[in-house]
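What follows is each chain in one-letter form.
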Amino acid sequence: MSWRYVGRRLVQLVVVLLIVTFFSFMLINLLPGDPVDNLCTGVCDQEQEAQIREELNLDEGVVQRYFDWLGGILTGDFGRYYDSGVQVSQVLESALPVSLQLVIYTQIVALVIAIPMGVLTAYRAGTVFDRSSNATAFGFLALPNYVLAFYLISIFALGLAWFPPGGYVYLSDNPIEHFKSMFLPVMALAAGQVAVYMRLLRSDMIQTLQEDYITMAKAKGMPPRRVLFRHALRPSSLTLLTVAGLNVGTLIGGAVIIEVLFELPGMGTQIFLTINNNEYVALQSYIAIIGVAYVLINFSIDFTYSLVDPRIRHG
Amino acid sequence: MADEIPTVADGAVEERFVETVEGLPTDPEHVKARRRRGLGLTAWLALGWLAVVALMAIIGPYLPLPERDVSCAREGPAAGHPLGCDQRGNDNLTLVVEGTRPTITLAVAVIAGAMILGGIAGLVAGYFRGRTDTALTNVLNIMLALPQLVLAMAIVRFMGQTFWNVALALVIVATPLLGRITRANTLTFSEREFVLAAKTLGAKHGRVMVREILPNVLPAMFSIALLAIAIVIVAEGGLAILNVGLTETSWGTLIAENRGQLRRNPWPVIVPVTVIFFTVLAFNYLGDVVRERFDVRESAL
């Protein structure tokens with residue numbers, strides 16, 4: 001691992017981050033329509049219009065505004081909501097934990113179900129159990145998460161009333177109600193991921209199980225459970241954890257529909273609200289944060305890989 | 001004994017999971033198995049369902065479907081109204097048939113757009129390689145890095161909630177998918193002898209791309225297009241739930257309009273949602289069938 005390699009990767013990272021933030025910024029600025037009109041919705045007098053113009057720095061060039069905004073973000077100033085004057089960073093403080101909880105619970109549930117299923121189906125590849133699990137996984141892959149959400153709400157919230165149909169309870173307020181309020185959204189998100197992880201682990205494990213060292217372990221009389229979970233799972237789990245890591249990045253802002261359906265006050269709901277209320281600055285900050293999070297997670301996974309496997313560095 | 005761990009040589013392992021990233025699946029047993037297999041029952045069921053959807057889209061408005069009936073409002077399935085009614089007494093079956101045409105028109109338009117844009121980008125990137133490739137691939141990757149649903153929401157919201165703006169937003173979502181698969185396959189095919197032969201004979205770049213490479217990458221594009229259609233149909237519903245979907249009656253808008261009534265009467269939501277699920281399932285399955293037939297894989301490099 002040479003310093004030159006590290007330096008090159010870091011330069012690349014900075015370039016990608018600049019591009020992603022610039023895209024998030026331009027996205028809102030390129031869209032047709034004068035932001036002032038959109039914000040005023042036709043009820044502003046000259047003075048208010050001038051004030052908005054001033055606040056948005058609309059008289060500056062686009063590039064200048066981008067760097068102003070970027071400078072703000074780097075110092076923790078994400079702008080504020082016009083309507084209420086609330087700082088975006090304040091909202092972020094309450095919304096981000098909710099989304100992170102949702103994403104992390106989802107990954108835990110998905111991995112806890114998928115790992116044993118993947119190992120077992122690889123071990124029993126070709127049997128009825130394997131075939132039926134695969135068919136079920138295929139079904140869950142095709143099941144859009146909001147479709148599953150409506151099924152779950154209808155059955156478990158409205159029909160059986162085991163869980164609330166929506167709303168969020170803080171973990172510190174009431175842990176039991178907290179987990180009850182998170183259960184259905186987590187299930188709606190996890191189902192598809194279970195299917196992905198299970199299929200991934202299964203195909204990876206089938207290859208691992210053909211390695212000589214597995215035959216060796218079996219020949220030495222090691223019980224199958226130990227062979228599977230100790231010796232075969234370890235190399236196969238690397239790919240799985242990579243994909244799980246990437247999914248954390250995708251889900252932080254990608255669970256908009258589920259958050260809205262279950263009335264969870266996370267990042268998704270905030271994005272939904274900013275779009276509906278024409279909160280440009282807040283929206284571009286949220287998009288940038290999610291894009292940057294995604295890039296950083298990708299980068300750390302890539303970088304860890306290259307630490308572990310020198311072939312990637314030199315390839 | 002159950003302790004025996006099955007291997008590929010046992011023939012116990014299903015074919016598509018043992019394909020390695022590079023190199024063809026070499027085991028003659030499963031190559032034969034794939035050739036031998038006709039369209040299975042599941043594939044026919046999937047095709048049958050899609051035929052029903054196509055029919056609903058084309059002749060839906062002329063079908064003798066149950067009319068609005070106030071006495072049926074908020075009821076579940078009953079005689080004359082097999083799927084129940086919404087809160088105003090509109091028949092759920094009639095509504096979902098009515099919503100088919102906009103949904104399917106949108107999906108087809110978006111996929112056509114994405115195949116053209118993604119196809120051109122992928123062909124050019126994979127054929128010319130080098131800087132062109134790096135630039136185009138980076139654009140596609142950045143499109144994937146931005147949260148796509150949010151992007152689509154912002155576009156529809158700020159450009160106006162019209163059919164073509166929704167289509168444009170979804171084209172931006174679907175294009176990178178098609179671009180990447182086209183590029184990966186173009187990279188492999190542009191190295192082949194027949195391409196070299198065409199170049200040697202003096203064929204121009206455009207001709208080589210369109211006449212030599214394109215026909216070979218089409219199966220891959222087609223299999224991804226089937227998956228992408230499913231994604232577009234799901235996204236249409238998602239945008240509608242977030243109030244930035246189509247304005248005409250579609251599968252998505254039916255969900256959005258009726259989800260507030262879920263507690264009193266789940267049928268107006270469950271019906272379109274289930275229709276979406278079946279359609280997505282059918283497209284995914286057929287996409288898989290095509291992929292297996294033509295041995296498509298994305299990571300050629």
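Residues numbered from 1 in each chain as written. Chains lettered and ligands numbered in written order. Predicted model: local features only at pLDDT ≥ 70, side-chain atom pairs only at ≥ 80, totals over all residues. Heavy atoms only, no water.

1. Observations regarding the overall build of chain A
Move 1: Along chain A, the regular secondary structure elements total 14 helices and zero strands.
Move 2: Ordered by position from N to C terminus, the α and β elements of chain A give α-α-α-α-α-α-α-α-α-α-α-α-α-α.
Move 3: Structurally, chain A occupies a C-alpha span of about 85 × 60 × 35 Å along its principal axes.
Move 4: Counting over 315 residues, chain A shows a buried share of 47%.
Move 5: Here the analysis covers contacts within chain A between residues at least 6 apart in sequence; of these, 73% occur between residues at least 24 apart. (Helix = DSSP H or I, 4+ residues; strand = E, 2+ residues; numbered from the N terminus. Buried < 20%, exposed > 50% of the residue type's maximum accessible area, 1.4 Å probe, protein only. Contact = heavy atoms within 4.5 Å.)

2. Regarding the overall build of chain B
Move 1: When helices and strands are tallied, chain B shows ten helices and zero strands.
Move 2: Counting from the amino terminus, helix and strand elements in chain B follow one another as α-α-α-α-α-α-α-α-α-α.
Move 3: Going through the 301 residues of chain B one by one, you find that 51% of them count as buried.
Move 4: Within chain B, contacts between residues at least 6 apart in sequence are counted, and of these 71% link residues at least 24 apart.
Move 5: Within the structure as shown, chain B displays about 14200 Å² of accessible surface, and the carbon and sulfur contribution to it stands at 62%. (Areas by Shrake-Rupley, 256 points an atom, 1.4 Å probe, with all protein chains shown as cover.)

3. Brief notes about a nonpolar patch on the surface
Residue and element names in this part refer to chain A.
Move 1: A cluster of nonpolar side chains, Leu100, Ile104, Ile108, Val112 and Ile113, forms an exposed patch at the surface whose accessible area comes to about 420 Å².
Move 2: With respect to the element layout, Val112 can be found in helix α5 (residues 88-123).
Move 3: Look at Val112 and you get exposed, because its relative accessible area is 58%. (Patch = residues over 30% accessible without salt bridge, like charges linked within 9 Å, V, L, I, M, F, W, Y side chains within 5 Å. Salt bridge = Lys/Arg side-chain N within 4 Å of Asp/Glu carboxyl O.)

4. Regarding the pattern of salt bridges
All names here are of chain B.
Move 1: Overall, the coordinates contain four salt bridges over all chains when judged by the stated rule.
Move 2: For Asp133, the salt bridge goes to Arg183, with nearest N and O atoms at 2.6 Å. One end of the pair, Asp133, is in helix α4 (residues 130-145); the other, Arg183, is in helix α6 (residues 163-189), with 50 residues separating them in the sequence.
Move 3: Residue class for Asp133 comes out buried when judged on its relative accessible area of 10%.
Move 4: Its relative accessible area of 21% is what places Arg183 among the partly exposed residues.
Move 5: With its nearest N and O atoms 2.5 Å apart, the salt bridge here joins Arg291 to Asp288. On the criterion of helical spacing, the pair formed by Arg291 and Asp288 is a turn pair, its members being three residues apart in helix α10 (residues 267-294).
Move 6: Under the relative-accessibility criterion, Arg291 is labelled partly exposed at 26%.

5. What to know about the packing of aromatic side chains
Move 1: With the rule as written, the count across this model stands at twelve aromatic pairs over all chains.
Move 2: Each member of the aromatic cluster is reached from another via a ring pair, and the members are Phe22, Phe25, Tyr66, Phe67 and Trp69 of chain A. (Phe/Tyr/Trp six-rings, centres within 6.5 Å; stacked < 30°, edge-to-face > 60°.)

6. Here's the deal with the confidence of the model for chain A
Move 1: Averaged over all residues, the pLDDT of chain A is 81; the fraction at 70 or higher stands at 90%.
Move 2: No element of chain A has a lower mean pLDDT than helix α14 (residues 310-314) of chain A, at 60, and none a higher one than helix α11 (residues 256-261) of chain A, at 89. (pLDDT = per-residue confidence, 0-100.)

7. Quick word on the nonpolar core
Move 1: Formed by 140 residues in total, the largest nonpolar core has its most connected members in Tyr146, Phe150, Phe262, Leu283 and Tyr286 of chain A together with Leu242 and Trp251 of chain B.
Move 2: With 17 residues, the single largest contributor to this core is helix α8 (residues 205-241) of chain B.
Move 3: Those residues in contact with Leu242 of chain B that sit more than four places away from it in its chain are Val256, Ile257, Val260, Phe272 and Asn276 of chain A together with Leu149 and Met153 of chain B.
Move 4: Judged by nonpolar contacts, the second largest core, of 25 residues, contains Ala114, Leu201, Ala217 and Leu233 of chain A. (Core = buried A, V, L, I, M, F, W, Y, C linked by side-chain atoms within 4.5 Å.)

8. Digging into the packing of helix α7 (residues 145-159) of chain A against α10 of chain B
To describe two helices that pack against each other, one gives the angle between their axes and the distance between the axes.
Move 1: In contact at an axis separation of 9 Å, α7 of chain A and α10 of chain B are set at 140° when each is read in the N-to-C sense. By the angle class used here, α7 of chain A and α10 of chain B are oblique. As for how α7 of chain A packs across α10 of chain B, the hand of that crossing is left-handed. Seen from α7 of chain A, the contacting residues are Tyr146, Val147, Phe150, Tyr151 and Ser154 of chain A; seen from α10 of chain B, they are Val269, Ile270, Val273, Thr274, Ile276 and Phe277 of chain B. (Axes fitted to C-alpha atoms, helices over the stretch in contact; angles between N-to-C directions. Parallel < 35°, antiparallel > 145°, perpendicular 65-115°, else oblique. Left-handed = near helix turned anticlockwise from the far one by under 90°.)

9. Structural notes on the packing of α6 of chain B against α8 of chain B
All names here are of chain B.
Move 1: Here α6 crosses α8 at 155°, and the two axes come no closer than 9 Å. Between α6 and α8, the angle falls in the class roughly antiparallel. Where α6 crosses over α8, the handedness of that crossing is right-handed. Between α6 and α8, the residues in contact are Val166, Leu170, Leu177, Leu178, Ile181, Thr182, Asn185, Thr186 and Phe189 and Ile213, Asn216, Val217, Ala220, Met221, Ile224, Ala225, Ala228, Ile231, Val232, Ala235 and Leu239, respectively.

10. Topic: the interface of chain A and chain B
Move 1: The interface is formed by 56 residues belonging to chain A together with 52 residues belonging to chain B.
Move 2: Inspection of the region where chain A meets chain B yields zero salt bridges.
Move 3: Applying the counting criterion to the chain A and chain B interface returns four residue pairs in polar contact (both at pLDDT 80 or more).
Move 4: Residue contributions to the side of chain A that touches chain B peak at seven residues, all from α7 of chain A.
Move 5: Tallied by class, the residues present in the side of chain A that touches chain B amount to 39 nonpolar, twelve polar and five charged. (Polar contact = N/O pair within 3.5 Å; in protein donor to acceptor, adjacent residues only side chain to side chain. Nonpolar A, V, L, I, M, F, W, Y, C, P; charged D, E, K, R; others polar.)

11. As for unusual backbone geometry
Move 1: For Glu263 of chain A, which is not a glycine, the phi torsion comes out positive at approximately 55°.
Move 2: A relative accessible area of 55% means that Glu263 of chain A is categorised as exposed.
Move 3: Residue Asn243 of chain B is not a glycine yet carries a positive backbone phi of 70°.
Move 4: Looking at the element boundaries, Asn243 of chain B is found in the loop between α8 and α9 (251-258).
Move 5: Residue Asn243 of chain B is classed as partly exposed on the basis of its relative accessible area, which comes to 43%.

12. Details of helix α4 (residues 62-74) of chain A
Residues and elements named next belong to chain A.
Move 1: The first and last C-alpha atoms of α4 sit 18 Å apart over 13 residues, in line with the 18 Å expected at 1.5 Å per residue.
Move 2: Within α4, the full set of buried residues consists of Arg65, Tyr66, Trp69, Leu70, Gly72 and Ile73. Buried residues of α4, seen end-on, are gathered within an arc of 155° and therefore sit on one face of the element. Facing away from the buried side of α4, by more than 90 degrees, are the exposed residues Val63 and Leu74.
Move 3: Phi turns positive, to about 85°, at Gly76, one or two residues after α4. (Expected span 1.5 Å × (residues − 1). Arc of directions from axis to C-beta.)

13. Observations concerning the environment of Thr127 of chain A
Move 1: Tracing the sequence through the fold places Thr127 of chain A in the loop between α5 and α6 (128-142).
Move 2: Once the C-alpha coordinates of Thr127 of chain A and Phe156 of chain A are considered, the two residues, 29 residues apart in sequence, prove to be 33 Å apart.

14. Some details on the environment of Arg88 of chain B
Residue and element names in this part refer to chain B.
Move 1: Along the chain, Arg88 turns up in the loop between α2 (41-59) and α3 (92-128).
Move 2: Using a relative accessible area of 44% as the deciding quantity, one classes Arg88 as partly exposed.
Move 3: In the structure, Arg88 is positioned 18 residues away from Val70 in sequence and 6.5 Å away in space, judged by C-alpha atoms.

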